[in-house]
Amino acid sequence: MTTTPQAVRRASPRTRRPATPVAPEPTAGLLPQAEPVRLLDPDGTPLPPRADLPAPPVEALREMYRRMVVGRRFDAQATALTKQGRLAVYPSSRGQEACQVGAVLALRDDDWVFPTYRESMALTARGIDPVEVLTLLRGDGHCGYDPTVVRTAPQCTPLATQCVHAAGLAYGESYQGRDTVALAFIGDGATSEGDFHEGLNFAAVFKAPVVYFVQNNKYAISVPLSRQTAAPSLAYKGVGYGVPSEQVDGNDPVAVLAVLTRAVAHARAGHGPYLVEAHTYRMEAHTNADDASRYRDPDEVEAWRDRDPVARLEAYLRGRGELDDAAVAQVAAEAEEYAADLRTRMNAQPVVDPLSLFDHVFAEPTPQLVEQREMVRAELAADAEGDA
Ligand SMILES: Cc1ncc(C[n+]2csc(CCOP(=O)(O)OP(=O)(O)O)c2C)c(N)n1
Ligand SMILES: [Mg+2]
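The model shown is predicted, which means the values in this text are computed figures rather than measured ones.

Side chains of Phe202, Val205 and Phe206 sit close together on the surface and give an oily, nonpolar patch of about 270 Å² of accessible area. In this structure, Phe202 sits in helix 9 (residues 194-205). Residue classification places Phe202 among the partly exposed residues on the basis of a relative accessible area of 33%.

This is how it looks when you write it as C-alpha cells:
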C-alpha cells in the first residue's frame, strides 16, 4: 500500500481532530416527553406544579390575558375587513392566541421574531401598529413596518424560508458576541419543507440561538396532519439534528409561556437551538378564501371550542383571585377601542406608490428588477399622460 500525502496529513498529530465518538451520544436529553406539557386543565384548573419547569409569574399571565383578548378582537376585526373589501386576504389565528402571545412574552424586545403569514396577532401583541402589520395582506407592500426597528422580519409566505433566515441572524448575533435570541414560527405542514430541515441543521451545528416554534394546528390548508407526516410527533424532528425538543399543549397559556421561556433561556445561554411543538387548532378556515367545511368535520371544531385558550386563562386567573368582572370588562373595552381605531384607519384609502414594490427586495437590485421597475415606471407615466 502506498502512503498518499492525504494519509500523511491525517496521521499528523498536529492536525489530528478530536476522535469522533464510536457510539452516538445518548438521545435522552433530546427526546420530547411523550405527552405535551400541560399545567392547566381545559377548564382552567391548575395541575400540580412541576419541579423541572418554573411557573410564569402571575403578572406575566395577567398581561398575557390582556394581549390575548385584544389579539382575538384584532383577529375578528381583520376577518371582517376582508368581507368589507379593505383587506385582500387574512389568515386567522383564532384559537392559537396562547401561542401567538406566549411567544412574544417569552422574548425580550431586542430579540428577533421570524413570523409567517399567520402571525399577525403575534406582531400586534409585540406592539407593532396593526395597520403596518396588515400592509402586506392588503397588498400594499412587502412589509409595512421597518424590520430592523421592531426586530421582526417580514411575514413569510413562502413556507419555511424564515427558518434559514432565523438561523443566519441568530448565528450572526452570537458571532458578534450578543445574546440575542431569534424565534421562528412555523406551521405543521411547513415542517415537511427542506428549509425547515436546513435551518435546524445549520442552527444545531453552529449552536445558533434559535427557538423553532411549531404551531401544529392540525392542518396545512386542507391537508390533515395524518397525511403530512408519519412521525410520532413533530417535536421528534428535532432529535435527528441534535436539537432538544418539547411538546406543549398549545391551548394552555401557562404551559406555553413556561415551555417557551425555558427554550429561550436555553438558546440565550449558548446551548444552541430548541424546538417546541405546540398542539393547537386552527378554528377558522385557512384564510377567508378557503371553505374549511369541505374537508373537516364540524364536530372536530366543536371539540376544540371546549379547549379555548382565552377562557382557560380567564378561569385560571379568576380562580386565583387575580381577575374580576371589572378587570375583564376593562380589557374588553380596550379591545373594542383597539378594533374601532383599526377600522377607522383601514377605511382610509392609503396612498401607495407602485414603484415602492421594487424597494427593499435585495440590498443591491438585480438587473432584472431594474428593468422591470423601468417598465412599470414607463407604464405609469403613459397612464398619467393619457389621463391628462
Ligand atoms: C414553498 C411553498 N409551498 C406551498 C405554498 C402554499 N401554501 C401556503 S400556506 C400552505 C399550508 C401551510 O400549512 P402549515 O405549515 O401547517 O401552516 P398554517 O397555514 O396551518 O399556519 C401552503 C401549502 C407556499 N406558500 N410556499
Ligand atoms: Mg397548519
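Once the structure has been displayed, the description carries forward.
Turning our eyes to something else, we now look at the side chain of His279. Within the secondary structure layout, His279 lies in strand 7 (residues 274-279). Among the polar contacts listed, one links the side chain of His279 to the side chain of Lys218, at a separation of 3.4 Å. Those residues in contact with His279 that sit more than four places away from it in its chain are Pro36, Asn216, Lys218, Gln247, Val248, Asp249, Gly250, Asn251 and Trp304.

Moving on, we get to the site of ligand 1. Near ligand 1 lie 15 residues; those nearest to it are Tyr117, Arg118, Thr157, Gly189 and Ala190. Between ligand 1 and Thr157, the relevant distance is 2.8 Å, taken from a nitrogen atom to a main-chain nitrogen or oxygen of the residue. Between ligand 1 and the protein, one listed contact pairs an oxygen atom with a side-chain N or O atom of Asp188 at 2.9 Å. When ligand 1 is considered free in solution it has 590 Å² of accessible area, and contact with the protein chains removes 70% of it. Here the residues of the shell around ligand 1 sort into seven nonpolar, five polar and three charged.

Definitions and limits used
Residues numbered from 1 in each chain as written. Chains lettered and ligands numbered in written order. Predicted model: local features only at pLDDT ≥ 70, side-chain atom pairs only at ≥ 80, totals over all residues. Heavy atoms only, no water. Patch = residues over 30% accessible without salt bridge, like charges linked within 9 Å, V, L, I, M, F, W, Y side chains within 5 Å. Areas by Shrake-Rupley, 256 points an atom, 1.4 Å probe, with all protein chains shown as cover. Salt bridge = Lys/Arg side-chain N within 4 Å of Asp/Glu carboxyl O. Helix = DSSP H or I, 4+ residues; strand = E, 2+ residues; numbered from the N terminus. Buried < 20%, exposed > 50% of the residue type's maximum accessible area, 1.4 Å probe, protein only. Polar contact = N/O pair within 3.5 Å; in protein donor to acceptor, adjacent residues only side chain to side chain. Contact = heavy atoms within 4.5 Å. Near = heavy atom within 4 Å. Nonpolar A, V, L, I, M, F, W, Y, C, P; charged D, E, K, R; others polar.

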